[in-house]
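Tertiary structure, described
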Amino acid sequence: MASTVSSNTITGDSELSSLSGNIQNAADISVIVIYFVVVMAVGVWAMLKTNRNTVGGFFLAGRDMTWWPMGASLFASNIGSGHFVGLAGTGAASGIAVTAFESHSFLLLLVLGWFFVPIYIKAGVMTMPEYLRKRFGGKRLQIYLSILSLFICVVLTISSNIFSGAIFIKLAFGLDLYLAIFILLAITAVFTITGGLASVIYTDTIQAIIMLIGSFILMVFAFIEVGGYESFTEKYMNAIPSVVEGDNLTISPKCYTPQPDSFHIFRDAVTGDIPWPGTAFGMLITAMWYWCTDQVIVQRCLCGKNMSHVKAACIVCGYLKLLPIFFMVMPGMISRILYTDLVACIVPSECVKQCGVDIGCTNYAYPALVLKLMPMGLRGLMLSVMVASLVSSLTSVFNSASTLFTMDLYTKMRKKASERELLIAGRLFVTVLIVTSILWVPIVEVSQGGQLIHYTEAVSSYLGPPIAAVFLLAIFCKRVNEQGAFWGLMVGLVMGLIRIITEFSYGTGSCLAASDCPKIICGVHYLYYAIILFSVSALVILGVSFLTKPIPDVHLYRLCWTLRNSEEERIDLDAEDKRQEEAGDGSEEDHPEKPRGCLKKFYDSFCGLQKAGPKLTKEELEVLEKKLTDTSEKPFWKNVVDVNAILLMAVAVFFYAYFA
């Protein structure tokens, strides 16, 4: 079998050069052009259809979205090009266990829709730091979480997606890596800066459809090429590279031989690369942080018409999150079978020859499959899929990050900023994110043995658990106060940064060379570290809270679960700060409008900066606020979404029972 695999293996002096420039024909380029025309047409339609000249309209789409574009946007925002590269690469390296990072999401999506979002809506918040300010009072939690969230956007989401998307562009067109990055970012920035959340959601819907169709077609081609599922499971276990010696290294067979448990999700608790306790508990913690407290995800749910639409969107996304094993992980494993010497290379000099990176070429598993297996035209479609996944993720992150900066940080620096100034500041902040993210790309490329998905999950495990602990206890334990939340976050941050800084300093090592990182810090698997970090943070939060004064109920109505249905008037802990801000609030309506030329009018209309309508009265504002904080559901639709949630859980149980 090894000889059969070897005959199918890509050969050549430089695999990177043989893959480059594959999409330079009329059929592929035509498909890509059509894709961009369609997506930009949808984006322009959404820009013209929706109200972008208010903060609520730009950042929350006027809270008027229906379930199906919301569900598609949740999926498209989460599935970036990093997933196609990372999941396929780790699948090629170690099998299907990596799919648990995705399939776990179904449970947390239900928790988001049924427990977290109702509290966020009743609280009347636009951002997650804003919720902490209302729940605990003061400004330090809000400012801290805003800064940390922006840092996570840079080191985790944006940089990994930029890197993975640029791999495809570089190989497809033979472009320089950073030129490819510039082109991609220019496209995404235009959508985000001009369109607002409504434009992002509608284009996300198109992107999700393109992603699903394209990846399904590639999956079919891959399984046909490998000879079906049974042949796939047999050939994968024999996909061993032809070069396993060299560079004066003694290489253990376990470094290049597929793992015996490659087709099992749950693996040994001590020796497994993704141990089963980490899969069962550690992943749930990081998933809770991402799906229930991350601004990018929650912002999509806050723009729903009503709670039934929000829940239905979560169910749609939950079903879609069960697909990556078939659309990404298994195609990555098939790529190892077809192109073994490239995807499974182990000798550093051979890896440099194959893909230009000495720590391994697993990140090239999916690109190789696209560029070598797909016929003309369909190759262009698959590149469109990659660009779609990248654009949808980056536009979502850019929009949400600008929301965080504008609403939680800029308003603290410029308390009298007009609404127009806030909109401009949010758009300009996108450029800062772009520059800092590009500078982080080289770190992403070499971290975690070159396996992108392990890099993203490791960073999530070091930074996310304290935030998950704070939000979980904030909602379900009203006894938790500001002092407990703050010190829990601080202890968790210190523990997380110690692990991150130490790992980046010593390196994470590889199968060939272990890292010199002290075992007491790096000897614990990152998923186990997530469990420890969550537990310690929760204990500090509860301990400090019970040793200090509780927050009176009058400040907690509709901010925690036990008081969610209270009809009594809430006195916000930050009420005094709000009064001071409102007293000094400058408003453009107080000044006569200056004459504007044609170019100025076009610019304002294109960017959604045209003058807003008449100012609402106090009574009208109260009616609007009541509508925006309403979580009531019609009994029929409530029953429909509840039944569908049970069906989703049943499907997920079958999924795990089959692959466990």
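Residues numbered from 1 in each chain as written. Predicted model: local features only at pLDDT ≥ 70, side-chain atom pairs only at ≥ 80, totals over all residues. Heavy atoms only, no water.

Observations concerning the overall build of the protein chain
Looking only at helices and strands, one finds 29 helices and zero strands in the protein chain. Restricting the contact set of the protein chain to residue pairs at least 6 apart, pairs at least 24 apart contribute 83%. Approximately 26200 Å² of the protein chain is accessible, and the part contributed by carbon and sulfur atoms is 65%. (Helix = DSSP H or I, 4+ residues; strand = E, 2+ residues; numbered from the N terminus. Contact = heavy atoms within 4.5 Å. Areas by Shrake-Rupley, 256 points an atom, 1.4 Å probe, with all protein chains shown as cover.)

Regarding the state of the cysteines
Summed over the entire model, instances satisfying the criterion amount to two disulfides. A disulfide bridge connects Cys 517 with Cys 522, and the sulfur atoms are separated by 1.7 Å. Taking the sign of the torsion about the S-S bond as the criterion, the disulfide between Cys 517 and Cys 522, at about 50°, is right-handed. Cysteine Cys 477 shares no disulfide, and the gap to the nearest cysteine sulfur, in Cys 560, comes to 8.9 Å. (Disulfide = S-S within 2.5 Å.)

Things to note about the pattern of salt bridges
Taken as a whole and assessed by the stated rule, the structure comprises ten salt bridges. A salt bridge links Arg 570 to Asp 572; the nearest nitrogen and oxygen atoms lie 2.7 Å apart. Among the residues examined, Asp 572 registers a relative accessible area of 15% and is labelled buried. Put simply, Asp 642 and Lys 638 hold a salt bridge, and the shortest N to O gap is 3.2 Å. Of the two residues, Asp 642 and Lys 638 both sit in helix α29 (residues 635-659), four residues apart, roughly one turn of that helix. Salt bridges linked by common partners bring Asp 261, Arg 267 and Asp 273 together as one network. (Salt bridge = Lys/Arg side-chain N within 4 Å of Asp/Glu carboxyl O. Buried < 20%, exposed > 50% of the residue type's maximum accessible area, 1.4 Å probe, protein only.)

Section: the nonpolar core
Among the nonpolar cores identified, the biggest contains 191 residues, and Leu 112, Tyr 120, Tyr 131, Phe 136, Phe 232, Tyr 366 and Phe 471 are the most heavily contacted of them. Considering each element in turn, this core owes the most residues, 19 residues, to helix α10 (residues 140-173). Excluding anything up to four places from it in sequence, Tyr 366 contacts Phe 84, Ala 88, Phe 168, Ser 215, Leu 218, Phe 327, Met 328, Pro 331, Met 382 and Met 386. Ile 251, Cys 255, Ile 346 and Val 347 belong to the second-largest nonpolar core, a separate cluster that totals six residues. (Core = buried A, V, L, I, M, F, W, Y, C linked by side-chain atoms within 4.5 Å.)

Points about the packing of aromatic side chains
Across all of its chains, the model carries 28 aromatic pairs by this definition. When the ring of Phe 232 is compared with that of Phe 263, the centres are 5.5 Å apart and the planes differ by 75°; the resulting orientation is edge-to-face. Placement of the pair is Phe 232 in helix α12 (residues 229-236) and Phe 263 in the loop between α12 and α13 (276-293), with a sequence separation of 31 residues. Classification of Phe 232 as buried rests on a relative accessible area of 0%. (Phe/Tyr/Trp six-rings, centres within 6.5 Å; stacked < 30°, edge-to-face > 60°.)

Considering the environment of Ile 424
With respect to the helices, strands and loops of the structure, Ile 424 is situated in helix α21 (residues 419-446). Classification of Ile 424 by relative accessible area gives partly exposed; the value is 29%. In sequence terms Ile 424 and Thr 406 are 18 residues apart; their C-alpha atoms lie 9.2 Å from each other.

Let's talk about unusual backbone geometry
Trans peptide bonds make up the majority, and among non-glycine residues the majority have a negative phi. At Arg 558, a residue that is not glycine, the phi angle is positive and equals roughly 65°. We classify Arg 558 as buried; its relative accessible area is 18%.

Some remarks on a nonpolar patch on the surface
Taken together, the side chains of Tyr 319, Val 643, Leu 647 and Val 651 define a hydrophobic patch exposed on the protein surface, amounting to about 320 Å² of accessible area. Among the elements that take part in the nonpolar patch, α29 stands out by supplying three residues, more than any other. With respect to the helices and strands, Val 651 occurs in helix α29. Residue Val 651 is classed as partly exposed on the basis of its relative accessible area, which comes to 37%. (Patch = residues over 30% accessible without salt bridge, like charges linked within 9 Å, V, L, I, M, F, W, Y side chains within 5 Å.)

Looking at α10
Residues lying three or four places apart along an α-helix face the same way, a consequence of the helix completing one turn every 3.6 residues. Here α10 contains 34 residues, and its C-alpha end-to-end distance of 47 Å stays within 8% of the 50 Å for a straight helix at 1.5 Å per residue. Maximum bend of α10: about 40°, positioned at Cys 153. Judged by how many residues are buried, α10 sits mostly within the fold: 28 of 34 residues are covered. Positive backbone phi, approximately 70°, marks Gly 174, located one or two places after α10. (Expected span 1.5 Å × (residues − 1). Bend = angle between axes of the 7 residues up to and from the residue.)

Focus on helix α6 (residues 81-94)
For α6, which comprises 14 residues, the first-to-last C-alpha distance of 20 Å matches the rise-based estimate of 20 Å (1.5 Å per residue) to within 8%. Extensive coverage of α6 is indicated by the burial of 13 of its 14 residues. Of the residues flanking the end of α6, it is Gly 95, one or two places downstream, whose phi is positive at about 105°.

Digging into the side chain of Thr 631
Examined against the element boundaries, Thr 631 turns out to sit in the loop between α28 (618-628) and α29. Taking the relative accessible area as the measure of exposure, Thr 631 reaches 16% and is therefore buried. At a separation of 3.2 Å, a polar atom in the side chain of Thr 631 contacts the side chain of Lys 122. Once residues lying within four places of it in the same chain are set aside, the contact partners of Thr 631 are Pro 118, Ile 121, Lys 122 and Met 307. (Polar contact = N/O pair within 3.5 Å; in protein donor to acceptor, adjacent residues only side chain to side chain.)

Regarding the confidence of the model for the protein chain
Per-residue confidence for the protein chain averages 80 on the pLDDT scale, and 80% of its residues sit at or above 70. The lowest-confidence element of the protein chain is helix α1 (residues 2-7), averaging 38 in pLDDT; the highest-confidence one is helix α25 (residues 526-547), averaging 97. Residue range residues 1-13 is modelled with pLDDT below 50. Its contacts to residues more than four positions away, or to other chains, number 23 contacts. (pLDDT = per-residue confidence, 0-100.)

Focus: the packing of α13 against α25
A pair of packed helices can be characterised by two numbers: the angle between their axes and the separation between those axes. Contact pair α13 / α25: the axes reach a minimum separation of 8 Å and the direction vectors enclose 55°. In this view, α13 runs oblique relative to α25, as classed from their interaxial angle. Crossing angle aside, the handedness with which α13 passes α25 is left-handed. In contact with Pro 277, Gly 278, Thr 279, Phe 281, Gly 282, Met 283, Ile 285 and Thr 286 of α13, α25 contributes Leu 527, Tyr 528, Ala 530, Ile 531 and Phe 534. The class makeup of the residues in the contact of α13 with α25 is nine nonpolar, four polar and no charged. (Axes fitted to C-alpha atoms, helices over the stretch in contact; angles between N-to-C directions. Parallel < 35°, antiparallel > 145°, perpendicular 65-115°, else oblique. Left-handed = near helix turned anticlockwise from the far one by under 90°. Nonpolar A, V, L, I, M, F, W, Y, C, P; charged D, E, K, R; others polar.)

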